[in-house]
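The residues making up each chain are set out below.
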Amino acid sequence: MSDGTIRPERFQPAWQDRPWIRRLLAVAAVLVALVMLALPLLAVFVEALRRGLPVALDAIAEPDTLAAIRLTLLVALVTVPVNLVGGLAAAWCIAKFDFPGKRVLTTLIDLPFSVSPVIAGLVFVLIFGAQGWLGPWLQARDIQVIFALPGLVLATLFVTFPFVARTVLPLMQEQGRDEEEAAATLGAGGLRTFLMVTLPNVKWGLLAGVLLCNARAMGEFGAVSVVSGHIRGETNTMPLHVEILYNEYQFAGAFAVAALLALLGLVTLVAKTGLERLSGRNGNLA
């Protein structure tokens with residue numbers, strides 16, 4: 001007769017579930033990935049090549065399209081290094097030091113994840129627009145932020161800031177402070193400790209964060225759309241140019257540019273996967 005005691009052997013670990021359950025879950029996950037991710041991406045490339053590769057290449061070679069490509073790359077070229085330095089500094093401060101406002105800084109890093117990019121763009125218009133807080137002061141000095149490259153960079157910086165910091169922060173926290181304290185005991189300064197001890201331990205995660213930041217910078221739409229003014233050939237990035245072409249029923253050009261943008265994203269994903277495999281092969285998840 002049972003005494004009502006629950007014996008541990010009655011519990012079955014998750015990895016010992018029935019084989020058909022594991023297969024069902026695997027099939028469901030693959031189907032969801034195919035329907036929600038792979039098929040839409042494939043549809044973009046199919047539509048881009050529907051009228052042939054020469055037509056797609058001609059659409060990409062249009063002056064306005066080339067201007068959008070150059071502007072997108074320029075914004076990413078400015079945004080990624082700034083976020084690299086800022087995100088790395090923020091992660092280092094949070095992981096390695098105790099100071100008043102530490103939790104506030106951690107919350108601020110996550111702010112772009114919780115705030116709509118459109119709202120972020122409106123905030124920059126409110127601050128730097130012609131009728132904004134700093135608008136008259138900027139106009140008096142012939143400085144244009146909104147509807148110009150500085151506005152695009154600021155909006156993209158806001159949206160992409162968390163990627164480097166949030167990728168590196170868990171690695172630094174896992175690493176702890178023992179190695180830095182040992183280096184300080186041996187007489188190493190703060191900068192030397194960072195370059196010789198902290199940075200090598202997080203290099204793979206840092207590169208992955210940079211790749212993610214770059215991909216988001218090139219693909220950002222909401223915040224950039226608000227501050228750009230949609231000036232063709234001047235302030236339109238690739239996502240904005242896709243929207244304009246599509247609204248004008250230039251489907252060949254729209255899908256050609258969209259396919260190019262998707263291809264850049266896929267290259268980023270492949271590079272990130274390669275970094276993860278390389279870091280695992282070296283026995284260092286950082």
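Since the structure is predicted, the reported quantities are computational estimates derived from the model, not experimental observations.

Definitions and limits used
Residues numbered from 1 in each chain as written. Predicted model: local features only at pLDDT ≥ 70, side-chain atom pairs only at ≥ 80, totals over all residues. Heavy atoms only, no water. Helix = DSSP H or I, 4+ residues; strand = E, 2+ residues; numbered from the N terminus. Polar contact = N/O pair within 3.5 Å; in protein donor to acceptor, adjacent residues only side chain to side chain. Contact = heavy atoms within 4.5 Å. Patch = residues over 30% accessible without salt bridge, like charges linked within 9 Å, V, L, I, M, F, W, Y side chains within 5 Å. Areas by Shrake-Rupley, 256 points an atom, 1.4 Å probe, with all protein chains shown as cover. Salt bridge = Lys/Arg side-chain N within 4 Å of Asp/Glu carboxyl O. Buried < 20%, exposed > 50% of the residue type's maximum accessible area, 1.4 Å probe, protein only. Disulfide = S-S within 2.5 Å. UniProt positions renumbered as here; feature names shortened; annotations may be inferred. Axes fitted to C-alpha atoms, helices over the stretch in contact; angles between N-to-C directions. Left-handed = near helix turned anticlockwise from the far one by under 90°. Nonpolar A, V, L, I, M, F, W, Y, C, P; charged D, E, K, R; others polar. Phe/Tyr/Trp six-rings, centres within 6.5 Å; stacked < 30°, edge-to-face > 60°. Core = buried A, V, L, I, M, F, W, Y, C linked by side-chain atoms within 4.5 Å. 1 Å grid on protein atoms, 1.4 Å probe; cavity = no way out; pocket = protein on both sides within 12 Å on 5 of 7 lines; lining within 4 Å. Points joined across faces, edges and corners; volume = space filled by probe spheres on them. Parallel < 35°, antiparallel > 145°, perpendicular 65-115°, else oblique.

Enquirer: Residue-level account of the side chain of K96, with values.
Expert: Residue position: K96 is located in helix 3 (residues 63-96). There is a polar contact of 3.2 Å between the side chain of K96 and the backbone oxygen of M172. Discounting chain neighbours no more than four positions away, the residues touching K96 are M172, Q175, G176, R177, E180 and T198.

Enquirer: Can you break down a nonpolar patch on the surface residue by residue, with the values?
Expert: On the surface, a nonpolar cluster with roughly 1000 Å² of combined accessible area is contributed by V27, V30, L31, V32, L34, V35, M36, L37, L39, L42 and V46. Relative to the helices and strands, M36 resides in helix 1 (residues 19-48). Residue class for M36 comes out exposed when judged on its relative accessible area of 58%.

Enquirer: Can you tell me about the state of the cysteines, naming the residues and giving the values?
Expert: In a disulfide, the sulfur atoms of two cysteines are covalently bonded to one another. In this structure the tally under the stated criterion is 0 disulfides. For the unlinked cysteine C93, the closest cysteine sulfur is that of C213, found at 18 Å. Residue class for C213 comes out buried when judged on its relative accessible area of 0%.

Enquirer: Before we move on, can you summarise the UniProt feature "domain: ABC transmembrane type-1" (unreviewed entry) in the protein chain with the specific residues and values?
Expert: The feature "domain: ABC transmembrane type-1" (unreviewed entry), as annotated in UniProt, sits at residues 69-272 in this numbering. Counted over residues 69-272, helix gives 79% and strand 0%. Its end C-alpha atoms are 22 Å apart.

Enquirer: If you had to explain the packing of helix 3 against helix 10 (residues 203-219) to someone new, which residues and values would you point to?
Expert: Each packed pair of helices is defined by two parameters, the angle between the axes and the distance between the axes. In the contact formed by helix 3 and helix 10, the axes pass within 9 Å of each other and the chain directions differ by 140 degrees. Taken as a pair, helix 3 and helix 10 cross one another with a handedness that is right-handed. Across the interface between the two elements, T72, L73, A76, V80, N83, L84 and L88 of helix 3 pack against L206, V210, C213, N214, A217 and M218 of helix 10. Grouping the amino acids of the contact of helix 3 with helix 10 by side-chain chemistry returns 10 nonpolar, 3 polar and no charged.

Enquirer: Let's hear about the packing of aromatic side chains: which residues, and what values?
Expert: For the coordinates displayed, the defined rule picks out 7 aromatic pairs. When the ring of Y246 is compared with that of F251, the centres are 5.2 Å apart and the planes differ by 65 degrees; the resulting orientation is edge-to-face. We classify F251 as partly exposed; its relative accessible area is 37%. Joined through ring pairs, the aromatic side chains of Y246, Y249, F251 and F255 make up one cluster.

Enquirer: So what about the nonpolar core? Which residues, and what values?
Expert: Side chains that are nonpolar tend, in soluble globular proteins, to be buried together. Core analysis: the largest hydrophobic core is formed by 19 residues, its most contacted members being L88, V164, V168 and M172. Every element with two or more residues in this core is listed here: helix 3, helix 7 (149-175) and helix 10. A total of 7 residues in this core trace back to one element, the largest contributor, which is helix 7. The residues contacting M172, other than those within four sequence positions of it, are L88, A91, W92, A95, K96, F194, T198 and V202. Grouped together as the second largest cluster of nonpolar side chains are 18 residues, V44, A48, I60 and V257 included.

Enquirer: So what's going on with the layout of surface pockets? Which residues, and what values?
Expert: To locate leftover empty space, one rolls a probe as large as a water molecule over the atoms. Taken as a whole, the largest pocket holds about 220 Å³ of empty space. Breaking the lining of the largest pocket down by element, the ones donating at least two residues are helix 10 and helix 13 (251-281). For the lining of the largest pocket, the element with the most residues is helix 13, which contributes 8 residues. Grouping the constituent residues of the lining of the largest pocket by class yields 8 nonpolar, 3 polar and 1 charged.

Enquirer: Outline the environment of W137, listing residues and values.
Expert: Structurally, W137 can be placed in helix 6 (residues 135-140). Each C-alpha atom, one on W137 and one on A43, is 48 Å from the other, the two residues being 94 residues apart in sequence.

Enquirer: So, the packing of helix 5 (residues 117-128) against helix 7: which residues are in play, and what are the values?
Expert: Relative orientation of the contacting elements helix 5 and helix 7 amounts to 140 degrees, with a least axis distance of 10 Å. Looking at the two axes, helix 5 sits oblique to helix 7. Crossing hand, helix 5 versus helix 7: right-handed. Every residue of helix 7 that contacts helix 5 at P117, A120, F124 and F128 is listed here: L154, A155, F158 and V159. Across the contact of helix 5 with helix 7, the residue classes break down as 8 nonpolar, no polar and no charged.

Enquirer: Mind laying out the pattern of salt bridges, listing which residues take part and the relevant values?
Expert: A complete count under the given rule lists 6 salt bridges for this structure. The partner of E220 in a salt bridge is R216, with the nearest N and O atoms 2.9 Å apart. Linked by salt bridges that have partners in common, D64, R232 and E248 make up one network.

Enquirer: Which residues make up unusual backbone geometry, and what are the values?
Expert: Not every positive phi belongs to a glycine, and D142 is a case in point at roughly 55 degrees. Considering the arrangement of structural elements, one finds D142 in the loop between helix 6 and helix 7. Classification of D142 as exposed rests on a relative accessible area of 71%. One non-glycine residue, F147, lies in positive phi territory at about 65 degrees. Looking at the secondary structure, you find F147 in the loop between helix 6 and helix 7. For F147, a relative accessible area of 40% puts it in the partly exposed group.

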